[in-house]
Amino acid sequence: MISFDASKCVACNNCIRVCPAVEANTVEYDENGRKIFNINPERCIRCGACVKACSHGARSYEDDTERFWADLKKGVKIIGICAPAVKVSFDGCWRNVLGYLVKNGVSKIYDVSFGADICTWAHIRYLEKHKGAKVISQPCPAIVNYMRRYCHDSLSHLSPVHSPMLCLAVYLKRYLNEDAKIVAFSPCIAKRDEFIETGLVDYNVTFDRLGKLLNDNGIKFENMKNVRSDFEFSGAGGQMGAVYPRPGGLKACLELENPLLNVITSEGTESVYKNLSMYSTIAERDLPDVFDVLSCDKGCGSGPAIGKQMSIYRMSGIMNGIEKYNRTKRVKFDRKHRDKQFLKFDKALNLDDFIRTYTPIDINDIEVTENQIDEMLTKMGKITATQRNYNCHSCGFGTCREMARAIIKGVSDMTSCHEYMQHQEDEHRLLIEDTNRSIAEVTSELNQVVSKLTYNIGNVKNAVGDISELNSTNFDQITGLSDILNELLTLNDNINNAMQSINNSVAGFSETTQNISEIARRINILSINASIEAARAGQAGKGFAVVAHEVGKLANHSQSAVAEAEKSNQLVFGDIETVNNILKTVTEKMDEIKGMMNKVSDNISTTLGKGTDINAAMGEVSEINNQVEGLVSKAESVLRK
């Protein structure tokens, strides 16, 4: 079956473009909203065209290589059948490859060319038995898958004769009594469906995966080119059946047996499936006896799982050489034995053993009306006849109507349409231009706002710088004020000491005053006594002498008191001068403090003014912020258009 890796899909439409059954694809969106083209396995015919076309690796396939190899290593008895297309695979080392498989456990490998000879014989005998029958060949299982899903009306014309591989498998099981499992080596992905449907072959191992298996096991083809292998197929060899892989191979074999048969060919996904879809509409008289069809345009040698493909020149040279050899050999048979091989088949084989039947597969197709198609085209912006017939094929479909039908069925979507996307891009471009104009206007307004904001921020910055400078000055002033206060404290201590000295001096004055007072008292007494003595006339002389003596003593006391008073006065004046000097210094310091305080007050007043400026500026900044928010909202509104 075809596998899908969504992570590698880029929705390039290549898979849609090459797919002969486009409804096998479905448009989806991953978790990130990215468009991808997934696979609908019920509608896929496994032709492998998308695998070959997908350069991103999103499309791949599954076969039975791993299961076959695991069973082989377990000792399961397996025999092989190999398609003749092997001769154009493995870069000319096909014998070495098959010989390696035999050495690693495959007991026998048979040549499907012999099965192709049986297939040719069966077709000849079937047509002879059913006169006038019109058949479509079925060596290619992708053709069978397509007919069973999409061409029910023509399914009765599909050749009932088994494919060459199945003819050989029947022969091995029924006529050679092989009881081993059968592995088919082929270039075809769809063979797996054929084997599962009939149960005649157990493994489909494609040449591509077989090559990778050998490479993983250390086998390099380039090392085999100069090594001659002695491998030979088991059993009878094929004759003209060896040319089946090339386009028209069956035709060449049938016409060799019956030149009167009308056989036409069609190959390649671009044409064969279209021809098959119209087969039921063709008048019977125009139908060939055999419609020899292959899904791959260059035959099985260009199959999707062939591996490394040869050039068409080398491939054709190999196949033509095989055909030339077998035709020459076959002419000799005709002359001597009149179809010796077919006579053997007639005697040994039963035609019914090589016949199969087909049942249609219901894919629940969605019916699409012309009105729905017209509505979808209108939705895609395709109004005029020219627009509806643009038919550029970039979407992967032949016509715009096919594209519209596919969209309705969920196979694709409008974004795959080049014209629709061009129209969307034009509208988007106009919207962008309009948006750019609006954004330019907003940008202009925003530049003005930013300029204003820058100016205000500059003012705030300057104000903050001024405040910082003023604060620094205030700090210096306060530091100086602190030093002055410390000096004042020292002066205060000096004043206290001076005042204590004055107190002591004042105490000396008090004592002196008391002495003087005592002297005055005594002089007063002496004065009184003198008065009394004077009254006594005669005795006055003696008394005055005493008085005089006392007065002298008092004079001495007064002089001493006066001296002490002067001394105290000097001390008082000295202390007073000290206090005056201190007070003068205090006054000066207070004046200096007053000056500092006035300067600090001025700085604080200036700081308050700067704060007011900052507050005003921040108010303007707030207003500017509101303007910016308005412009942002305006810009968002523009971008949402």
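Residues numbered from 1 in each chain as written. Predicted model: local features only at pLDDT ≥ 70, side-chain atom pairs only at ≥ 80, totals over all residues. Heavy atoms only, no water.

(A) Spatial organisation of the pairing of strand β5 (residues 78-82). Here β5 lies mainly inside the structure; five of its five residues are buried. Alternating residues of β5 divide into I78, G80 and C82 and I79 and I81, and every residue in both groups is buried. Here β5 pairs with strand β8 (residues 181-186) via five bridges, running parallel. Paired with I79 across the bridge in β8 is I182. Bridging between β5 and strand β6 (residues 109-111) involves three bridges; their strand directions are parallel. Within β6, the position partnered with G80 by the bridge is I109. (Buried < 20%, exposed > 50% of the residue type's maximum accessible area, 1.4 Å probe, protein only. Helix = DSSP H or I, 4+ residues; strand = E, 2+ residues; numbered from the N terminus. Pairing = 2+ DSSP bridges.)

(B) Quick peek at helix α3 (residues 65-74). When α3 is considered as a whole, its buried residues turn out to be T65, F68, W69, D71 and L72. In an axial view of α3, the angular spread of the buried residues amounts to 165°, which keeps them on one side of the axis. Counted as exposed and oriented over 90 degrees from the buried face of α3: E66 and K74. Buried-residue contacts for α3 involve β5, α4 (94-103), β8, β9 (203-206) and α9 (207-216). (Arc of directions from axis to C-beta. Contact = heavy atoms within 4.5 Å.)

(C) Structural view of helix α13 (residues 340-348). Q341, F342 and F345 are the residues of α13 that are buried. Along the axis of α13, the buried positions cluster into a sector of 95°, meaning they face one direction only. Away from its buried face, by an angle of more than 90 degrees, α13 presents the exposed residues K344 and K347.

(D) Main features of the sheet that holds strand β10 (residues 263-267). What the three strands build is an open sheet, ordered β7-β11-β10; its pairing is parallel. With one partner strand each, in any of the chains shown, β7 (135-136) and β10 form the two edges of the open sheet. Along the sheet face, helix α10 (residues 249-257) touches β10 and β11 (290-294) and points at about 150° away from the line of β11. (Axes fitted to C-alpha atoms, helices over the stretch in contact; angles between N-to-C directions.)

(E) Spotlight on the side chain of N96. For N96, the location among the structural elements is in helix α4. If we ignore the near neighbours within four places in the chain, the residues touching N96 are M224, V227 and S229.

(F) Summary view of the pattern of salt bridges. Summed over all chains, the structure comprises 23 salt bridges. Its salt-bridge partner being R46, residue D193 comes within 2.8 Å of it at the nearest N-O pair. With D193 in helix α8 (residues 191-198) and R46 in the loop between β3 (35-39) and α2 (49-53), this pair connects stretches of sequence that are 147 residues apart. Exposure remark for R46: the relative accessible area of 9% places this residue in the buried category. (Salt bridge = Lys/Arg side-chain N within 4 Å of Asp/Glu carboxyl O.)

(G) Spotlight on the side chain of R149. With respect to the helices and strands, the residue R149 is situated in helix α6 (residues 141-150). No salt bridge is formed by the buried R149, whose closest oppositely charged neighbour, D193, lies at an N-O distance of 5.5 Å. There is a polar contact of 2.9 Å between the side chain of R149 and the backbone oxygen of E42. Among all residues touching R149, those that are not within four sequence positions of it are E42, R43, C44, I45, R46, I361 and I363. (Lys, Arg positive; Asp, Glu negative; His and termini not counted. Polar contact = N/O pair within 3.5 Å; in protein donor to acceptor, adjacent residues only side chain to side chain.)

(H) Just the sheet that holds β5, in detail. Sheet architecture is open: four strands sit in the order β6-β5-β8-β9, paired in parallel fashion. Because the sheet does not close on itself, it has two edges, and the strands there are β6 and β9. When strand polarity is set aside, the average angle formed by the axes of neighbouring strands in this sheet is 25°. Relative to β9, β8 is paired through four bridges, and the arrangement is parallel. Paired with S186 across the bridge in β9 is T206. Along the sheet face, helix α7 (residues 164-175) touches β5, β6 and β8 and points at about 155° away from the line of β8. Across the face of the sheet, α8 comes into contact with β8 and β9 while running at roughly 170° to β9.

(I) Spotlight on the nonpolar core. Judged by nonpolar contacts, the single largest core of 74 residues is most densely connected at F68, I81 and F185. Examining the composition of this core, we find that 10 residues originate from one element, helix α5 (residues 112-129), more than from any other. Excluding anything up to four places from it in sequence, F68 contacts I78, V106, V183, F185, Y203 and V205. Ranked by size, the runner-up nonpolar core spans 30 residues in total, among them A11, C15, I39 and M376. (Core = buried A, V, L, I, M, F, W, Y, C linked by side-chain atoms within 4.5 Å.)

(J) The environment of R43, seen in detail. On the secondary structure map, R43 appears in the loop between β3 and α2. The buried category is assigned to R43, whose relative accessible area is 8%. Placed 318 residues apart in sequence, R43 and I361 show a C-alpha to C-alpha distance of 9.2 Å. In this view, R43 contacts A21, E23, A24, R149, Y150, I363, N364, D365 and I366; residues no more than four positions away in its chain are not counted. Within polar-contact distance, the side chain of R43 engages the backbone oxygen of I363 at 3.2 Å. Here the side chain of R43 touches N364 through a polar contact of 3.0 Å, landing on its backbone oxygen.

(K) A look at the pairing of β9. Along β9, one buried face is formed by Y203 and V205 and the opposite face, lined by N204 and T206, is buried too. Handedness of the crossover joining β8 and β9 through α8 is recorded here as right-handed. (Right-handed = clockwise from strand over helix to strand, strands pointing away.)

(L) Broad picture of the packing of α5 against α10. Running from N to C, α5 and α10 point in directions that differ by 55°, and their axes come no closer than 10 Å. When the axis of α5 is compared with that of α10, the two are oblique. Crossing of α5 over α10 shows right-handed handedness. Residues T120, H123 and I124 of α5 touch α10, and the partners they reach there are L250, C253, L254 and E257. (Parallel < 35°, antiparallel > 145°, perpendicular 65-115°, else oblique. Left-handed = near helix turned anticlockwise from the far one by under 90°.)

(M) Main features of the confidence of the model for the protein chain. Mean pLDDT over the protein chain works out to 82, with 79% of the residues at or above the 70 mark. The low-confidence segment residues 333-338 (pLDDT under 50) makes six contacts with residues lying over four places distant or belonging to another chain. (pLDDT = per-residue confidence, 0-100.)

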